[in-house]
Amino acid sequence: MFSLAKQVLLAGALSGALVGGVSAQTSAADEIARYRAMLQDGNPAELVVMRGEELWKQKRGPKQVSLEQCDIGLGPGVLKGAYAQLPRHFADTNQVMDFESRLIHCMVTLQGIPREEAVKNPFSGTGQRQTDIESITAYVVEQSRGAKIDVSQSHPMERAAYERGKTLFYMRGGPYDFACATCHAVEGQRIRLQDLPYFDNKQSAQRAFATWPAYRVSQGTLRTMQWRVWDCFRQQRFPELVFTSQASVDLITFLGVRGNGGTMDSPAIKR
């Protein structure tokens, strides 16, 4: 995917960052930031976006129609800036939905794909080809690059989703007595030489939400926001978070509201 010269430069950047122990932590963070910037010039997510566009426009399912009339919040087929305003309340379902739950709704209602089939394989394995959901998500979020994050709290159900998500974020449990807040409500927290988003800081919260979905270099695949919260639950050893469940949408709503005012920069690239 990358030229040999770029791979050598990237390896050098990381090896330089990893040498020197604790005294090199600050420079390590700087080198990792430089590593990401170098990768962004030729982000593999661009290929996923292209496949997602094909899938969005392709006539599929029992009804043999495309997703081009899917309404993700700004009207049927309107994509520009729409992802930046999700999750939100949808009158036709009377639910607060994030993008992936809305996508499943459109696949079922527009294309006639059975729900159990649509949600069967939402996430790809390491090094595997992207799933249709991941690819379409990459395409749609790309249409919001540069848009301001504006997750609404005007509807009572949106406010309720935020409050439930806040409860989940701070709820401790599991065998390690962890919460999302264990990693993300402490300033200066770090893991694997990189800083963790601190959601009590507006700028940090904005940057965190703005850069998901993202291509994970270590896994060779693009990851969506649903995957991000699912994997956090896995790392906490919580019960598995069900794809597009109310809990997942509530937590994403909380994170999105905390990120309001930021500028979408996704698909981004992560280690």
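So what's going on with the overall build of the protein? Which residues, and what values?
A count of helical and extended segments in the protein gives 11 helices and seven strands. Within the protein, contacts between residues separated by at least 24 positions form 67% of all contacts whose residues are at least 6 apart in sequence. Accessible surface, the protein as shown: approximately 12900 Å² in total, 54% of it carbon and sulfur.

Report on helix 4 (residues 99-109), specifying residues and quantitative values.
A turn of α-helix holds 3.6 residues, and therefore any two residues three or four places apart point the same way. Burial runs high along helix 4: eight of the 11 residues are buried. Along helix 4, the residues classified as buried are F99, E100, S101, R102, L103, I104, C106 and M107.

Describe the nonpolar core, and please don't skip the residues or the numbers.
Grouped together as the largest cluster of nonpolar side chains are 62 residues, with contacts concentrated most on W56, F99, L103, I136, V140 and F169. Those residues in contact with F169 that sit more than four places away from it in its chain are A179, C180, A181, H184, A185, F199, L251, F254 and L255.

Can you lay out the side chain of Q130 for me, pointing to particular residues and giving the numbers?
Summarising the element assignment, Q130 is placed in the loop between helix 5 (115-118) and helix 6 (132-142). From its side chain, Q130 meets the backbone nitrogen of L222 in a polar contact 2.5 Å long. Sequence-distant contacts of Q130, defined by excluding residues within four places in its chain, comprise V48, R51, S124, S135, T221 and L222.

So, the sheet that holds strand 5 (residues 214-216): which residues are in play, and what are the values?
Ordered in space as 6-5-7, the three strands form an open sheet in which the pairing is mixed. This sheet does not close on itself; its edge strands, each paired only once, are strand 6 (221-223) and strand 7 (268-270). Here the strands of the sheet are splayed against their neighbours by 35 degrees on average, with no regard to which way each runs. Note: strand 5 against strand 6, three bridges, orientation antiparallel.

Any chance you could break down the state of the cysteines for me, citing the residues and the numbers?
Inspection of the entire model under this criterion finds one disulfide. Looking at C180, it has no disulfide partner, and the nearest cysteine sulfur is the one in C232, 5.9 Å off.

Break down the pattern of salt bridges for me, citing the residues and quoting the values.
Inspection of every chain in the model, using the stated rule, returns 13 salt bridges. Where K57 meets E53, a salt bridge forms, and the shortest distance between an N and an O atom there is 2.8 Å. Here K57 pairs with E53, and both are found in helix 3 (residues 45-57), just four residues apart, close to one helical turn. Residue classification places K57 among the partly exposed residues on the basis of a relative accessible area of 39%. In this structure, R102 engages D92 in a salt bridge whose closest nitrogen and oxygen atoms are separated by 2.8 Å. Taken together, the positions of R102 in helix 4 and D92 in the loop between strand 1 (88-90) and strand 2 (95-97) put the pair 10 residues apart, joining distant regions of the chain. We classify R102 as buried; its relative accessible area is 2%. It is possible to trace a salt-bridge network through shared partners that takes in E142, R145, R207 and D265.

Requested: an account of the environment of V140, with residues and values cited.
Along the polypeptide, V140 turns up in helix 6. Relative accessible area serves as the criterion here: at 0%, V140 is assigned to the buried category. C-alpha separation for the pair V140 and K80, spaced 60 residues apart in sequence, amounts to 8.2 Å. Discounting residues that sit within four places of it in the chain, V140 has contacts with W56, I72, L79, Y83 and F99.

Quick rundown of the side chain of R51? Include the residues and the values.
Position of R51 relative to the elements: it lies in helix 3. Of the residues examined, R51 reaches a relative accessible area of 17% and is grouped as buried. Beyond its immediate sequence surroundings of up to four residues, R51 is in contact with R129, Q130, T131, D132 and S135.

Please give an account of unusual backbone geometry that cites residues and values.
Of the consecutive residues L86 and P87, the connecting peptide bond is found in the cis state with omega at 0 degrees. Tracing the chain through its elements places P87 in the loop between helix 3 and strand 1. The linkage connecting W212 with the following residue, P213, adopts the cis geometry, with an omega of 0 degrees. Structurally, P213 is set in the loop between helix 9 (202-210) and strand 5. Here the phi dihedral of N94 falls at roughly 55 degrees; this positive angle occurs in a residue that is not glycine. Relative to the helices and strands, N94 resides in the loop between strand 1 and strand 2.

Scoring rules and cut-offs
- Residues numbered from 1 in each chain as written.
- Predicted model: local features only at pLDDT ≥ 70, side-chain atom pairs only at ≥ 80, totals over all residues.
- Heavy atoms only, no water.
- Helix = DSSP H or I, 4+ residues; strand = E, 2+ residues; numbered from the N terminus.
- Contact = heavy atoms within 4.5 Å.
- Areas by Shrake-Rupley, 256 points an atom, 1.4 Å probe, with all protein chains shown as cover.
- Buried < 20%, exposed > 50% of the residue type's maximum accessible area, 1.4 Å probe, protein only.
- Core = buried A, V, L, I, M, F, W, Y, C linked by side-chain atoms within 4.5 Å.
- Polar contact = N/O pair within 3.5 Å; in protein donor to acceptor, adjacent residues only side chain to side chain.
- Pairing = 2+ DSSP bridges.
- Axes fitted to C-alpha atoms, helices over the stretch in contact; angles between N-to-C directions.
- Disulfide = S-S within 2.5 Å.
- Salt bridge = Lys/Arg side-chain N within 4 Å of Asp/Glu carboxyl O.

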